[in-house]
Amino acid sequence: MTHDIELDLLSRPGGGTAVSLVASRLRLGMMDVRNGLMHDHAVRGQVDASMTVAPAGSGEWCYNAELLWNRVEWCERYGNAPIAFEVRARLPGALTGSAVHRFARELAGYVARDLNVPVTFTALQGSAPWSVREAGDTSIQMCFPTRILALNDGSNAVGDRSGAPSGFAGRLAMVSNPHLVTQFTRRVALEMARLEKASAGWERASSPTVVARRARSAFPFDDLDLWADIPPAPAPAPSENPATHPLLARLRREAPRSMTVPDLRDFEIAMGFARTVEETLAEVVAHSTACDHLHGKRTQLQTAILDHLHLLDIARRTRAARVTELEELQKRKDSFMVFLRGRIELASLARERKAVELRRARGHVEELKGAISRLRHQERRLASDTEATALVLSTACRELRDAVKTLHGADPRLLQHLLTILGDDQRRHVKKAMSDAVPEKPTRESPASDEDGRAGPPAKPTRGSRLG
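As the structure is a computational prediction, the values presented were derived from the model and not from experiment. (Residues numbered from 1 in each chain as written. Predicted model: local features only at pLDDT ≥ 70, side-chain atom pairs only at ≥ 80, totals over all residues. Heavy atoms only, no water.)

**Some points on the side chain of aspartate 114**
Rules: Think of it this way: any DSSP run of H or I at least four residues long counts as a helix, any run of E at least two long counts as a strand, and we number them from the N terminus. Residue burial is assigned from relative accessible area. The probe radius is 1.4 Å, only protein chains are included, and a residue is buried under 20% of its type maximum, exposed over 50%, and partly exposed in between. Polar contact criterion, stated in full: a pair of N or O atoms within 3.5 Å, where within protein one must be able to donate a hydrogen and the other to accept it, and residues adjacent in sequence count only if both atoms are side-chain atoms.
For aspartate 114, the position within the fold is in helix α3 (residues 98-115). Under the relative-accessibility criterion, aspartate 114 is labelled buried at 9%. At 2.7 Å, the side chain of aspartate 114 forms a polar contact with the side chain of arginine 187.

Have a look at this one:
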């Protein structure tokens, strides 16, 4: 059988949240804790089974869809960031009853173990709209976050909106690598083919699985740990895109090739921290450049204001001098009227000329006042922009410090190699974050490793104690 599989990368809709997005895609009803809204998209007669599965050893919140997606919403702080993947697949038409739920549960469990993520799925029948499904077919729709689950001790967890560990670590490499998306789709198709062959004996089982329809907000299977005895499979090694993550691409290119599976897993965790460091470092550099630019513009405006104030002072002195001269000419005109009419006409002409000069001086003063008012308004606006940029810069620096701290706890030598390939401006920010986040320790010179004759991180990244 040819399995039709669709995979989409989902982001928040305009004005929506992760909870509302998943509820609408999977036709479920969930409460959004962040804004207190209830999103109920359930349609009668269409959702046959709904469940949330997770890898072995996951927290209790990973088995509850409402808690899971509220935590995803609280973790993803940027509105345009990808928050979830959606997988849609058509189930074999021969499956009925409990076999449908078992097939969907087994497939979702495979995805959870393969990517180390919690998965929420629904099995749909009837006429629910879907692009690759025909009328009357049974299909499964799955949604899982774009971030892998963090370790139980929270050492590699990223911070949420409140700064506390969110329970998630770095993003899946599939977010930025289309080649890995194709490989994942192929693996899901092979797993569906295997489950289709195995489903022949499910209908003849002595104790069939009871499929409970979802009739309230709580899921009937959310408290089950289905994979307690199954060890998780190693996550696929991601390939970084040099266009979006040049530092990670160089780290992966220069990394040694002789690694065992445990060392490879630790290296991939450290690479996830390095991705966070690189993304946060890019934000720090961008905000620092914008802050410097705003400071320069503010300095230029302050210089222009001082120049205009000087011109205003000169204009005021000129106006005062013209007023004094006009008063003197008026007195002279009154005295000249006694003597000679020619002198009176001459004084009148001089007075008119001074009056014209006075009007010009007054107009110049008014123009300078208006220019100074506009410049001061621009100065206040630039001051507010500078303060906002400084706040964003401090936030980005704090995130960079946390990322450097977690990367140092995962693999200090990978962090040191990252410093060698950074630019001067980027290295300055990373060193400042290291001085704030990593305590200074006496260093010892160790002989350089020349394994394979190439530079880069050591052949086996350390698996020592991590920072708390």
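**A short note on the packing of aromatic side chains**
Convention followed: Pairing of aromatic rings covers Phe, Tyr and the six-membered ring of Trp, with a centre-to-centre limit of 6.5 Å; geometry is then stacked below 30 degrees between planes, edge-to-face above 60, and tilted otherwise. By the criterion adopted, a ring carries a charge over it if an Arg CZ or a Lys NZ lies within 6 Å of its centre and within 35 degrees of its normal.
Here the structure, examined in full by the defined rule, presents three aromatic pairs. Ring centres of tryptophan 61 and phenylalanine 168 lie 5.5 Å apart, and the angle between their planes is 70°; on these two criteria the pair is classed as edge-to-face. With tryptophan 61 in the loop between β4 (47-53) and α2 (65-75) and phenylalanine 168 in strand β9 (residues 168-171), this residue pair connects regions lying 107 residues apart in the sequence. Across the pair, phenylalanine 168 and tryptophan 61 agree in class, each one buried. Sitting above the plane of the tryptophan 61 ring, arginine 71 keeps its charged end 4.1 Å from the centroid. Cation over ring: arginine 161 sits above tryptophan 74, and NZ or CZ is 6.0 Å from the ring centre.

**Re the confidence of the model for the chain**
As a reminder of what qualifies: Values of pLDDT, which run from 0 to 100, indicate the predictor's confidence residue by residue. Any pair of residues with heavy atoms lying within 4.5 Å of one another is described as a contacting pair.
For the chain, the average pLDDT comes to 78, and 78% of its residues sit at 70 or higher. Within the chain, strand β8 (residues 147-149) carries the highest mean pLDDT (92), whereas β4 carries the lowest (75). Segment residues 463-468: pLDDT under 50, and 14 contacts once partners within four positions in sequence are set aside and those in other chains are kept.

**Thoughts on the pairing of strand β2 (residues 29-32)**
The side chains of a regular strand alternate, first on one face of the sheet and then on the other. As a reminder, the rule being used: At least two bridges found by DSSP between two strands is the condition for calling them paired.
Pairing analysis gives four bridges linking β2 to strand β3 (residues 37-40), with the strands arranged antiparallel. Note that in β3 the partner of methionine 30 across the bridge is histidine 39. Joining the antiparallel neighbours β2 and β3 is a turn of four residues, in which glycine 36 adopts a positive phi near 75°.

**A few points about the environment of tyrosine 78**
In this structure, tyrosine 78 sits in the loop between α2 and β5 (82-90). According to the relative accessible area criterion, tyrosine 78 is partly exposed, its value standing at 36%. Put simply, tyrosine 78 and arginine 161 are 83 residues apart on the chain and 10.0 Å apart in space, counted from C-alpha to C-alpha. Setting aside anything within four residues of it in sequence, one finds tyrosine 78 in contact with Arg12, Glu283 and Glu399.

**Details of α2**
Turning to α2, its buried residues are Ala65, Leu68, Trp69, Asn70, Val72, Glu73 and Cys75. Taking the backbone nitrogen of glutamate 66 as reference, a side-chain oxygen 3.0 Å away marks asparagine 64 as the first, capping residue of α2.

**Brief notes about the packing of α3 against helix α4 (residues 178-198)**
To keep things clear, this is the line we draw: Throughout, an axis means a line fitted to C-alpha atoms (over the contacting stretch in the case of helices), and angles, computed between N-to-C directions, take values from 0 to 180 degrees. Note on convention: the crossing is left-handed when the near helix lies turned anticlockwise from the far helix by less than a right angle, right-handed when the turn is clockwise. Gly is put with the polar residues, along with every residue not named as nonpolar or charged; the nonpolar set is Ala, Val, Leu, Ile, Met, Phe, Trp, Tyr, Cys and Pro, and the charged set is Asp, Glu, Lys and Arg.
Two numbers describe how α3 lies on α4: the axes approach to 10 Å, and their chain directions differ by 145°. The element α3 and its partner α4 pack so that their crossing is right-handed. Across the interface between the two elements, Phe103, Glu106, Leu107, Tyr110, Val111, Asp114 and Leu115 of α3 pack against Phe184, Arg187, Val188, Glu191, Met192, Leu195 and Glu196 of α4. Taken together, the residues that form the contact of α3 with α4 break down as nine nonpolar, no polar and five charged.

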